[in-house]
Each structure stands twice: as structure tokens, then as C-alpha cells.
Amino acid sequence: MSSQTSTVTTHSSRAGGRAGAGRPQVAPDRRRIEFKWIVLTIFIIVYALIPLAWILSLSFKSPAAVTDGKLIPTDPSLENYRTIFTTGVFVRPLINSIGITIISTVIAVALATLAAYAIARLNFPGKRLVLTAALAIAMFPPISIVGPLFNMWRSLGLYDTWPGLIIPYMTFALPMSIWVLSAFFREIPWELEQAAGVDGATPFQAFRKVIVPLAAPGVFTAAILVFFFAWNDFVFAITLTSTDRSRTVPAALNFFTGASQFQQPTGAISAAAIIVTIPIILLVLAFQRRIVAGLTAGAVKG
Amino acid sequence: MAALLLLPLLAACGGGGGGVPTLNWYIGKQSGGWIENAITECNKQAGGKYKIQFQELPKRATDQREQLVRRLAANDSSIDIVGMDVIWTAEFANAKWIVPFPDSERAALTDGVLKGPVESGTYQNKLYAAPFTSNTQLLWYRKDLVAAPPPDFTWQQMIDTAAGLGKKVQIQGARAESLNVTFNALLESSGGRFLDNPEAGKNATISLEPGPTTKALAALSNFANSPVASPELNTAEEDTSRAAFEKGDSVYEINYPFIYPSAASATAVPDLQKKLGWARFPRVDANIPSRPPLGGFNLSVGSHSTHKAEAFQAIQCIRQPANQLFAAEKGGNPPTTSAVYDQLTTDQYPFKDVLRSSINDAAPRPVSPAYNDLSLALQNVIHPLNSFDPAAAAVALRKLCEQALKSEAVLS
Amino acid sequence: MTNVTDAPQIARPTAKQNKLTDRDKAERRLGIRLVLPAAIVMALVTIYPICYAIWLSLQRYNLRFPDDRKYVWFGNYTKILSSGVFWQVFTNTIAITVISVVIEFVLGLALALVMHRAIFGRNIVRTSILIPYGIITVVAAFAFRFAVSPDEGGFLFKHASTPPLSSHYGSLAVIILTEVWKTTPFMSLLLLAGLATVPNELVEAAKVDGASAWQRLLKVILPTMKSAVMVALLFRTLDAIRIFDTVYIQTKGANNTATLSQLGYNQLINQLNLGLGSAVSVLLFLLVVLIAFIFVKGFRTDLGAVRGER
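So, how was this worked out
Residues numbered from 1 in each chain as written. Chains lettered and ligands numbered in written order. Predicted model: local features only at pLDDT ≥ 70, side-chain atom pairs only at ≥ 80, totals over all residues. Heavy atoms only, no water. Helix = DSSP H or I, 4+ residues; strand = E, 2+ residues; numbered from the N terminus. Rg over C-alpha atoms; globule rule 2.2 N^0.38 Å. Buried < 20%, exposed > 50% of the residue type's maximum accessible area, 1.4 Å probe, protein only. Contact = heavy atoms within 4.5 Å. Lys, Arg positive; Asp, Glu negative; His and termini not counted. Charge placed at Lys NZ, Arg CZ, Asp CG, Glu CD. Areas by Shrake-Rupley, 256 points an atom, 1.4 Å probe, with all protein chains shown as cover. Pairing = 2+ DSSP bridges. Axes fitted to C-alpha atoms, helices over the stretch in contact; angles between N-to-C directions. Core = buried A, V, L, I, M, F, W, Y, C linked by side-chain atoms within 4.5 Å. Phe/Tyr/Trp six-rings, centres within 6.5 Å; stacked < 30°, edge-to-face > 60°. Parallel < 35°, antiparallel > 145°, perpendicular 65-115°, else oblique. Left-handed = near helix turned anticlockwise from the far one by under 90°. Nonpolar A, V, L, I, M, F, W, Y, C, P; charged D, E, K, R; others polar. Salt bridge = Lys/Arg side-chain N within 4 Å of Asp/Glu carboxyl O.

A. Spotlight on the overall build of chain B. A count of helical and extended segments in chain B gives 17 helices and twelve strands. Computed over the C-alpha atoms, the radius of gyration of chain B is 22 Å, within 12% of the 22 Å expected from 2.2 N^0.38 for a compact globule of 412 residues. Along the first, second and third principal axes, the C-alpha set of chain B runs to 70 × 50 × 45 Å. Residues counted as buried form 58% of the 412 residues belonging to chain B. Pairs at least 24 residues apart make up 74% of the contacts formed inside chain B by residues separated by at least 6 positions. Within chain B, the 40 negative side-chain charges are centred at a point lying 1 Å from the centre of the 37 positive side-chain charges.

Quick look at the structure:
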């Protein structure tokens, strides 16, 4: 009797450890259920990756083979990759994208960190106003300010420049960063800061020496999300730029021309698309937990 | 933050010291290398006074315009020479984005040049765009299937002949500028026109008399609803028509001459090129000579350019007959100077006489600063081609064009 | 002396209260100072331009006709609201929004349920669904465009007489498909977080009471995570209304598939019609505000969580 019980106990504790709280143990159906989950998981992965796989396949097809409609290229070639890196149609936009995105991320996260700390920790008039305004900006249609920005940048000489894009990117990245960061800051134990205060530190010193190391993961997450946002932007990129001086990759993809007047640049666009997706994939692979935490932190308090 | 703003600006301001001025020539990508050739030739002839540089614009005319208008409106001083589509002259001139050629240079740029192209570059009696290359659409037919069309061959006869043989006719019906090309030719061939007084520029009035307009629309509508229309008619652009004709089940095609060299390498029909015949754009009314469509590239000087004098000189060089000959032979773009036609070989251009007379008699699309709006209005009313009633559409078109002329219609 | 005792209402701050007030004041000053840079940036780059846009929308101002600038007050708005093209575009936008959000919600919920209860492979699933989220929208739009266009390497619909992107409904379908593919993961993550707040005892109790899986979902799980659902729907709806990238890359508004953002873009950048284009932009902005208002006041979406008050 006891051995049977212990077997059952061991059995259920093993299964319980894997499945998490509240999962009923159903031994005979387990194999069938597992199969169902496997199928579902595979289905989900395929769903997520098929378009990417298709672009990858197109990027390895030479211009003649592009229209053969096969998923696996019969004669893979690096011609498209060579084209985009040697004809100057992609390198400069890539540099623009990298530079503008990084600068926007740094500034946005810096400003948001200051603001989020204040919102999570301090009491001051206008706090609710700022949060509401941030929320409002997140809902803003970018196209609504494209016209005024075009005209403003035209007169200020910011049209087709890096700052011309950095400024709107920063602005629209602020709400999301402030939410993510204030959610993270709220998780940090208050006592630590109070302890520092008792030790004689001013609020600012408490911030620098105690909070910052604890907040670093949150800052990092916010930076990743801002990076995604700026890397991805298209509206501002095509309306506020007109030359390679500041055109970023999403806008440049639109301008790829084929080798001749009548040829489609499908292969070149695909190759460029893959190159520009690689950083995304790397970030997702390395930081998927953080990204998920960041996305859900602001939206729902669990 | 202020420093951050200033740095890239300063960086952008770098460069451009003394030395040979660079003239940026903005023009869409073309095949055949005739742009590069013109640039090499003219840089040689410049003898160090200037250096022309090719700045590539997107392939399609609408995309080129999208890029140009934005930058010209932003007072871009790097735009020296503009490769102008023939329809942009009035718009760019009225917006003061291009400068007219000095009267002293006008003669050199228009002597011996065919009428159509000169008209397309003129606005309010000034020459704003110097003719360089031209283009028009001819009626191509399968010599082995039908007889040569008589001089007064009409659209309806074309439809009936093809239908009788159970074959198709290829034209461009996509919702794009090509539709305006076709319709404008039909309208002018019916004796009508878009504008009463194009010289009045902004204050011109819409013509679009009901009689000719309805006739032109009826020709188009009958075509679209007949069995000779291709199933892809409503998305067919120039290349689609070419490819479809090469498949072999069409007997007529209305398209630019680029299809002729391509026919030599067509595989579905053996010896297709040898079986090709050509004639002038068909008439709408048997008694009125047709007015073929007009295309091509002109050359203008940007009004914010800092090297206008050099740009004027460069244009004189670029458009010279020798470069037009190269463009014709290697790029398939017909010349604008009449004498160059005599230098074309009959191997490459057996149709050069029809070509020359077509371009000379061609009707430019309406010369108006609001041309873009008129173009969109037309597409709005008549696309898809099998969806409108000619009489009703004529009325709707007139109304919408009147609004469009004042830039007051909301057209996507 | 008598005066002081006769007036006890004067609340003189004690020494202890003084210290708190000082620290309070320091806290307030610091708070405002820390928030100010972000607030200034946000104000300058959104409030100023939207006011500028409103001002522009009251004028007839086309950069191609620089001499014709003048005030027409609400003339632009009447022109737009009485234009058939505008209402077609409006309908397109609403249709795309409603259909894609509904599909995304259903699929996202299913995906969230799977992730919530999956025994294994959670990491792989989460990683792979972050790919559509992170991928550049333009790249996704190209991917789907290429897949359905025979002359651009397509492998779907190779034998259809009209490729999807040449017809009105076909194009709308491709656009919606692209949007759904790309944003369902985001929706599912928000819903997953909401699912995690549903106490298991509630679900178990319902099961014991004999409720079927459907009933458990509709009557127990969804109502309990209502706030997460509403927030997810609100954000996705607002995103969908503003759709631009996918439409631009796949059809550029051809086949009557233009959306409000595309219309605004065409007027502003193609026609350089700053007056009319700004009016379209302002209308879109008002539409967004209206929808947010409906969600918050009408469906009582609780944005308190998002504002960080809970």
C-alpha cells in the first residue's frame, strides 16, 4: 500500500513540477495529450516562421529563378547579397538605421528612466497629467503630424537629417518606455532606498547607487523595446527623408530597383530584408523572457 | 541635446569646397546605358567646367515624381538637372521649382525639333523643359494574320477584326498614368480636349465637350466589354501587354516601340519580329486623323540649383543629336530632333517614318499645373474600364475635373 | 496674549511637520525636474505639431501653388466629408480594423490558452511568436506580397486568373492576413498575462460544477480577465485604425484599398496639399480619440493599470 502511494506521489510530483500549478494528472491520456501539444507547438512555430522562410528562400534565388515558385531554391546563390552590398543601395541606409536607432534608444531610455523613477517613487503635481499624456501619445496616429513635421523640418533645415528622424522616434518611444520602466521601478523594494536615506544619502544619491543597479534589467528591457520600435518605423522614414543621407532601411527597401528597367528587385529586397531581420532574431533569441516581461508589464498588473 | 542636433548638420555641411562643380542629374533608371553615355560624352566636352553625376530615381514615373516634388518643395539645392517626364512641365513651372531657359538659348534647343515635344516643354510661352527623347504608341499587328490597316482604321474596326478572328487586342488599362495616355489620345482623336485655354495656366477652364468625350469614352468602354479585351486589362501596364502579345493569341497591340526588339527573343511564336507590322494609332472617328499619345524625357534646371549657368550648358550638350542617336539605338527611345530619324537604321527602326510623323502630330496631355489632379480624377472615373457608362461618365468626368483643376477634389 | 488664546484655529505647523514638508518639497521639485525633459519632448513633438496641423487644415495651402494660400476655415472639412472617395477609404479602414482585430483576438486567445497550459515547448513557442512581433512591418508586407504575386516569386495562387493583389477583396484579404500574422503574438502575450491573473480555483470550481470547456471560457475565464481583454482590444484597435506600412507596400491604395493614413499621406506628400492633407490627419486623430473615449467610458476599460495606478 505504502509503496503504491509513494509511487503515485513521486509520479504526480514529477509531473506537477513540469506542468505548473493546478494541472490535473491524467496518466493514461498523457501520451495523447503530449502528442496534441507537440502538434500545436509545431503548428505555431511554422505559423510564426513561414513568411520568414519564404523571404529567406527568395533571397538565395538568382533573378532568373525568382519566379519558379519553389520553396527550396534549386540553385542557391549569394548573388543578391553581393548586389546589395556592392551597389551602394543598402549599405548607407543600413548605417543610417543603426545610427539613428541607437541614438534614439539611448536618449529615449535616458529620459524615460528619469521620468519613470519620478512617477514610480515620488509624489509631485502633474504626475497623472504626464501619464495620461503619455498614454495619449501612444495612441497618436503618426500620419497626423507628418505634414506639420515636414513643413517644420523644411524651415529648420532638419529635413532629411538624422535629428529629423531621431526626434520623432524618441517622442513616440517615450510612452512605452515610461510604462515599462515605471512598472519595473514599482517592483523594486522601497526599503532599500529608505535605508540609503537613513544612511544620509540625498534622494539623488539613493537613486544613483541603490536603484540604478536594481533597475538595470528594466532599463535594458525598455531599450530593447525602443530598439524594435525605431528599427521598424516606416512612416516617418519615408516622409521626412529623401536621400541616402538619412533614409533608413525600411524606406530604402521601397526604392530598390531591379537590374534593368523591367526586372523586379524581388531577390535584392529579400536579401536586404533578411540582413535587417537578423538583429531582431538575435535579440529575440537572447532576451525573449525580458521582452515578454516588458510587453506585459505595462499592460496588465498581474 | 542642442549639440546633438548641430553635429550632424555640421557634418552634412562639409564638403563642397572649390573645384569642379558637380551637376546632379536626377532621372529614373533606364536600360541601355544611354544616360551613362550622355554623361560620359558631356563630361568630356565640358573640359573641366562641370561634372555631371547620375542620381538615380525609382523606375516608375509616379514614384519619380513623388521623390522630386518633395525635395523640390523642400528647396533642395542639390537638384541641378531634372529628367522631366513630359507631363510635369506646367506643374513644376507654376510651383517655381524649375527655371525657364533664357530666350537666347531657346532657338538652339528647339530648332529642328518635332512639334509635339516642343509643346510639351513650353508653359506660358516660355521654354521650361528642353526636349531630349520622345516616345509614342503605335498600332502593332500580326502581318501573318491580318492585312495592313487602311489609313482611316478605327478602334471599332480594330475590335471587330480581332473578334472575327477570335483573337485578343493588348492595351494598358491599369490604374496608372498609362490610362491617361490612352484616354487623352482617344479624346484628342475625337476632336476634343481637356482644357480650353492651357496658356492661362492656373486659370484655364475645362473643355471636355460632351460630344467628343462621350465618343472617346465609348471607344474605351466598347473595347473593355468586348471579347478582344485581355482578362488582365484592368491591371495591365506596358510590360504586361508586351508579354501577353508575345504569347501569340493576340493580333493587335497598342504600345511603345520597346516591344520591337523584345519580339526578336520571344519564344512562343517563332519569328515573331518578322511577323510584326506597324501603323499609326487608330482613329476614333474615321474622318479625323488620330492624335497619337506623347511620352518622353525633357530636361530642366532646378530653381534652387547653385550652378544654373553650368546646368544650362550641360543640358545643351546632353540633348545634342549624337546623344539622341545613342539613346535611340541602345535604349529604344525615339529622338526629338527630326534629322536624327534619317540616321536610324531600318534594321532597328523599320517603322521610323510612322514614328516620326506620330510624334510630330502627337497630342500632349493637358498642360496644366494641376495635371496630377486631373490625372487622378480621370482614373477615378473610368477605372475599371468595363465599369462605366460613357454618357454618364462624361458628365461625371467633367465635374470631377473642374474640381481637380482647382486642386479641390479629394482624390487618393 | 488674549488674542492668541482666543484664536485656536490657527494651525501652526509643528517642528515634525516642517521636516516632512521640506522633504516633500524636495521630492516634488525632484519629481518635476526628472519628468520635465520627457514631458517637454512629448509636448513639443506632438502637441505643437497637432495644433499646427489643425491650423494648416483651416487653410487652402498647396505647396505646388504657393501663391494661392488663403483661409478657408472649415472648407477643407466639408470637402472631405462630402467626398465619396473619403467614405470609401473610411469604410476600408473600419473594415480592416474590425475584421483583423476580431481574428487577432480569437487566434490570440487560442494561442494564449495553449501557452498557458502547454506542458513543454513554452520557450520555443514564446521565442518563435516574438519573431512576427519584432520583424519589421515592411518586411512582413513584402513577404506576403511576394508570396501571392506570381511575377515576384509567388508560390500561392499561381494559377488564379487574377492574382489577389489585383482585386479589391483579394488585396484587402492579403492586407488583413499580413496584419493578423504580425500582431496576433502581441495580442496573445497581453491575453496570456491576463490569463495568469485568473485564479485556478475559480476554473476548477466551475469544472466541478459541470461546466464545459466553452462555458468555463466564456463565463469564468474571460469575465475575470476583462480588464486585460479590454486593454488588448483597445490598443490593437487603435493600431489597426492607423494602419499604413502594409497598405503602402502591398497596394499603395490601389484597387480602392486606401486607408485613412494612406489618404493623408497621398494628399500631404504626393499632392503637397498641406491644407487638405492636414484636415484628413486631424479627422483621423479625432477618430482615434473617439474610439479611445468609447472604450474607456463606454466599455469601461480600466486604464488605471496602464497608467500605473495599481
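Structure shown, so let's carry the discussion forward.
B. A look at the overall build of chain C. Within chain C one finds 13 helices and two strands. Put simply, chain C has 310 residues, and 57% of those count as buried. Carbon and sulfur atoms form 66% of the exposed surface of chain C, whose accessible area is close to 13,900 Å².

C. Quick look at the sheet that holds strand β8 (residues 138-142) of chain B. Residue and element names in this part refer to chain B. Across the sheet, which stays open at both edges, the four strands sit in the order β9-β10-β8-β11 with mixed pairing between neighbours. Of all the strands in the sheet, just β9 (168-170) and β11 (276-279) have a single pairing partner and so form its edges. The mean inter-strand angle of the sheet, taken between neighbouring strand axes irrespective of direction, is 20°. Relative to β11, β8 runs antiparallel, the two sharing four bridges. For Tyr 141, the partnering residue across the bridge sits in β11 and is Gly 277. Against the sheet, helix α7 (residues 155-165) engages β8, β9 and β10 (250-255), with an angle of about 150° to β10.

D. Quick look at the nonpolar core. In this structure, Phe228(A), Phe236(A), Leu253(A), Phe256(A), Leu68(B), Phe92(B) and Leu191(C) are the most contacted members of the largest nonpolar core, which totals 204 residues. The residues touching Phe236(A), leaving out its near neighbours within four places in the chain, are Pro142(A), Ile145(A), Val146(A), Leu149(A), Leu165(A), Pro168(A), Tyr169(A), Phe172(A) and Thr241(A). Core analysis: the next-biggest nonpolar cluster, separate from the first, contains 54 residues, Leu139(B), Phe183(B), Val228(B) and Leu411(B) among them.

E. Highlighting unusual backbone geometry. Residue and element names in this part refer to chain B. Cis rather than trans, the peptide bond between His 383 and Pro 384 has omega equal to -10°. By the element assignment, Pro 384 lies in the loop between α16 (371-382) and α17 (390-405). The phi angle at Lys 96 is positive, at roughly 65°, despite the residue not being glycine. Its place among the elements puts Lys 96 in the loop between α4 (89-94) and β4 (98-99). Even without being glycine, Leu 208 reaches a positive phi, approximately 45°.

F. Just the packing of aromatic side chains, in detail. Taken as a whole and assessed by the stated rule, the structure comprises 46 aromatic pairs over all chains. Between Phe140(A) and Phe285(C), the ring centres sit 5.0 Å apart and the planes meet at 45°, which makes this aromatic pair tilted. On the criterion of chain membership, the pair formed by Phe140(A) in the loop between α5 (127-138) and α6 (143-156) and Phe285(C) in helix α13 (residues 274-298) is interchain, its members lying in two chains. Across the pair, Phe285(C) and Phe140(A) agree in class, each one buried. Judged by centre distance (5.7 Å) and plane angle (40°), the rings of Phe153(B) and Tyr252(B) are tilted. With Phe153(B) in the loop between β8 and α7 and Tyr252(B) in strand β10, this pair connects stretches of sequence that are 99 residues apart. Take Phe153(B) and Tyr252(B): they sit in the same class, and that class is buried.

G. Seen up close, the packing of helix α2 (residues 34-46) of chain B against helix α13 (residues 321-331) of chain B. Residue and element names in this part refer to chain B. For the pair α2 and α13, interaxial distance at closest approach is 9 Å and the crossing angle is 155°. Taken together, the axes of α2 and α13 lie roughly antiparallel to each other. When the axes of α2 and α13 are compared, the crossing they make is right-handed. Residues Trp 34, Asn 37, Ala 38, Glu 41 and Cys 42 of α2 form the contact with α13, whose participating residues are Asn 323, Phe 326, Ala 327 and Gly 331. Here the contact of α2 with α13 is composed, by residue class, of five nonpolar, three polar and one charged.

H. Representation of the pattern of salt bridges. Under the definition given, this model contains 27 salt bridges over all chains. Across the pair Lys44(B) and Glu41(B) runs a salt bridge, and its minimum N-O distance is 3.6 Å. Placement of the pair is Lys44(B) and Glu41(B) together in helix α2, with a separation of three residues, close to one helical turn. The salt bridge involving Arg236(C) is made with Asp239(C); its shortest N-O contact spans 3.6 Å. With Arg236(C) and Asp239(C) both in helix α10 (residues 226-241) and three residues apart, this pair spans about one turn of that helix. Judged by relative accessible area, Asp239(C) falls into the partly exposed class, the value being 30%. One salt-bridge network, in which partners are shared between bridges, spans Glu104(C), Glu179(C), Arg236(C), Asp239(C) and Arg242(C).

This is a description of form; function is not addressed.
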